[in-house]
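An overview of the molecular structure
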Number of protein chains: 2
Amino acid sequence: MPRFAMILEYRGHGYVGWQSQTGQNSLQQGVEKAIAEIDSTSPSIVAAGRTDSGVHALGQVIHCDLQKVWEVGRLRDALNWHLRLETIAVVQAALVEADFSARFSACRRAYLYRIMVRSSPLVHQAGLAWRRRRPLNVDAMRTAAGLLVGRHDFSTFRSIKCQANSPVKTLDSIVIEERMASHGERELQIRLEARSFLHRQVRSIVGTLERVGTGLMTISQFKEAFQSCDRTRCGTVAPAEGLYLERVDYDPDPFERA
Amino acid sequence: MPRFAMILEYRGHGYVGWQSQTGQNSLQQGVEKAIAEIDSTSPSIVAAGRTDSGVHALGQVIHCDLQKVWEVGRLRDALNWHLRLETIAVVQAALVEADFSARFSACRRAYLYRIMVRSSPLVHQAGLAWRRRRPLNVDAMRTAAGLLVGRHDFSTFRSIKCQANSPVKTLDSIVIEERMASHGERELQIRLEARSFLHRQVRSIVGTLERVGTGLMTISQFKEAFQSCDRTRCGTVAPAEGLYLERVDYDPDPFERA
């Protein structure tokens, strides 16, 4: 059977997260239901990342085996029609080799975390970013973030529910961009890239960096917390609503992206 | 009584528009209800622009007279608390002179229209932009748009319900910016500035420019339609969900904006 890979966008609000759980509304279930409408074998799907409840995606990738060789534009449109009542869309589809795995072939995952620094509640970005009222010292956050790049034990930033075999991961990069939004407000976009991440790693890192930004934690306290490999020294876990699975990279790239 | 001006952000979806109408949910009513919670005189408010049903704001400006001289940060926060169930927020407040009028002192209004060019339905930007599937020729749109700058009779782009005395307006500028969004998609941001606008003028212009972008209308047909001053030669009126009252300028600026 021909295998297809697809890039998905979704809004995480109202779902229990990516993974199917009996009797609960998961993103995986939403997508599988749509696929079942166009393929009577009701194929199951495999995703690059199992995002948590409330976490968004700009570029989740899945694969599945279909009965028919679809023209990819038609496949995308057919699935989007069946997804019209969900906050999920297929952005791109591609026919891939039979041994392609959205999960195991991924060579890099990129997450984006958005923080809006403003006094007023969010309106247009409500549910799409973490609002912080206090100004953040971005230089201090960048210095602290720089300590995380490379191969390290990330136990401090790992959920106690994490099922990975080892807390050691290689963080390829963490970049903090600052943008002016309207009315002199600022948006911080924090991007992290790695082959794989621990459970809650990005939100734990962002929540702790935010403490550095407000001055509640010094850079040396951040460094000690990180090096202690002690979960209890992690700052607040930043809320799901600011987090996006932005992109998953493969080599070769089945999607011929820009 | 001290007079205050405020910058408002709102999402237009679910409101009949700015202006109060008996028994219907208007933005004006939403804001006046919040103000009545903090000021027993239940003052009425005056806005810079009466946005249509579904139109958003990033920078609507209002003024009202309150009993008390509020510290502006506290005023903003108190109103935002009472607005928490609306999709409206006070972004900034300022104490102004007694003769300041949000409407009549305005020297320039800026509208933003957002078009997303992509094949898939909108997810994160759903309700916040107009989605067009077909690629748009931005150069052709810019050439057509350039014909509108200056003092002209805008009857072609004027709603039959428009109550302005004259169809002659001066359009100060119209700028079309193209941005790359994720997955190689494009966003067009069309910004128009003028002292004042006719009813539906921006959406009529954008809907007609979109026809030029797709090639359904040539630049010379656009020019003829504009010069004919004939409403029936206007293209589709672009939907409200892409339109934002972005900014209102005053001289001097009561908000000390960047």
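Calculation rules
Residues numbered from 1 in each chain as written. Chains lettered and ligands numbered in written order. Predicted model: local features only at pLDDT ≥ 70, side-chain atom pairs only at ≥ 80, totals over all residues. Heavy atoms only, no water. Domains from an automatic or database assignment. Contact = heavy atoms within 4.5 Å. Buried area = accessible area lost by both parts, 1.4 Å probe. Salt bridge = Lys/Arg side-chain N within 4 Å of Asp/Glu carboxyl O. Polar contact = N/O pair within 3.5 Å; in protein donor to acceptor, adjacent residues only side chain to side chain. Nonpolar A, V, L, I, M, F, W, Y, C, P; charged D, E, K, R; others polar. Helix = DSSP H or I, 4+ residues; strand = E, 2+ residues; numbered from the N terminus. Buried < 20%, exposed > 50% of the residue type's maximum accessible area, 1.4 Å probe, protein only. Least-squares fit on C-alpha atoms with pLDDT ≥ 70 in both. Axes fitted to C-alpha atoms, helices over the stretch in contact; angles between N-to-C directions. Parallel < 35°, antiparallel > 145°, perpendicular 65-115°, else oblique. Left-handed = near helix turned anticlockwise from the far one by under 90°.

What follows deals with the domain arrangement of chain A. Residue and element names in this part refer to chain A. When its domains are assigned, chain A resolves into domain 1 (3–105) and domain 2 (108–246). The centre of domain 1, based on its C-alpha atoms, is set 27 Å off from the matching centre of domain 2. Contacts between the two partners involve 15 residues from domain 1, matched on the other side by 15 residues from domain 2. Across the interface of domain 1 and domain 2, roughly 1,100 Å² is buried in total on both sides, 51% from carbon and sulfur atoms. Of all residues in domain 1, the largest losses of buried area upon contact with domain 2 belong to Asp52, His56 and Leu58, amounting jointly to 45% of the total for that side. A salt bridge links Asp52 to Arg203, with the nearest nitrogen and oxygen atoms 3.6 Å apart. Our count for the domain 1 to domain 2 interface comes out at 12 residue pairs in polar contact (both at pLDDT 80 or more). A breakdown of the residues in the side of domain 1 that touches domain 2 according to their chemical character gives 5 nonpolar, 7 polar and 3 charged.

Okay, the pattern of salt bridges next. Across all of its chains, the model carries 36 salt bridges over all chains by this definition. Across the pair B:Arg118 and A:Glu9 runs a salt bridge, and its minimum N-O distance is 3.0 Å. Of the two residues, B:Arg118 is situated in the loop between strand S5 (108–117) and strand S6 (130–132) and A:Glu9 in strand S1 (residues 3–10); the pairing between them involves two chains. The buried category is assigned to B:Arg118, whose relative accessible area is 4%. The exposure class of A:Glu9 is buried, given its relative accessible area of 4%. Among the ionic pairs, B:Arg3 bridges to B:Asp65, the shortest N-O distance being 2.8 Å. Remark: B:Asp65 occurs in strand S3 (residues 56–65) and B:Arg3 occurs in strand S1 (residues 3–10); sequence separation between them is 62 residues. For B:Asp65, a relative accessible area of 24% puts it in the partly exposed group. It is possible to trace a salt-bridge network through shared partners that takes in A:Arg108, A:Asp172, A:Glu193, A:Arg247 and A:Asp249.

Let us look at the relation of the copies chain A and chain B. The operation relating chain A to chain B is a screw motion whose rotation component is 180 degrees, with 0.0 Å of axial translation and a residual RMSD of 0.0 Å. The symmetry that links the two subunits is that of a two-fold axis. Among all residues of chain A, the minimum C-alpha distance to the rotation axis is found for A:Gln125, at 4.6 Å. The residues that chain A uses at the interface reappear at the interface of chain B in 100% of cases, marking a shared surface.

Okay, the packing of helix H3 (residues 138–146) of chain A against helix H4 (residues 201–214) of chain A next. Residue and element names in this part refer to chain A. Where H3 meets H4, the closest approach of the two axes is 8 Å, and the angle between their N-to-C directions is 140 degrees. With respect to each other, H3 and H4 are oriented oblique. At the point where H3 passes H4, the crossing takes the right-handed sense. Where H3 approaches H4, its residues Ala140, Met141, Ala144 and Ala145 are matched on the opposing element by Leu209, Glu210, Val212 and Gly213.

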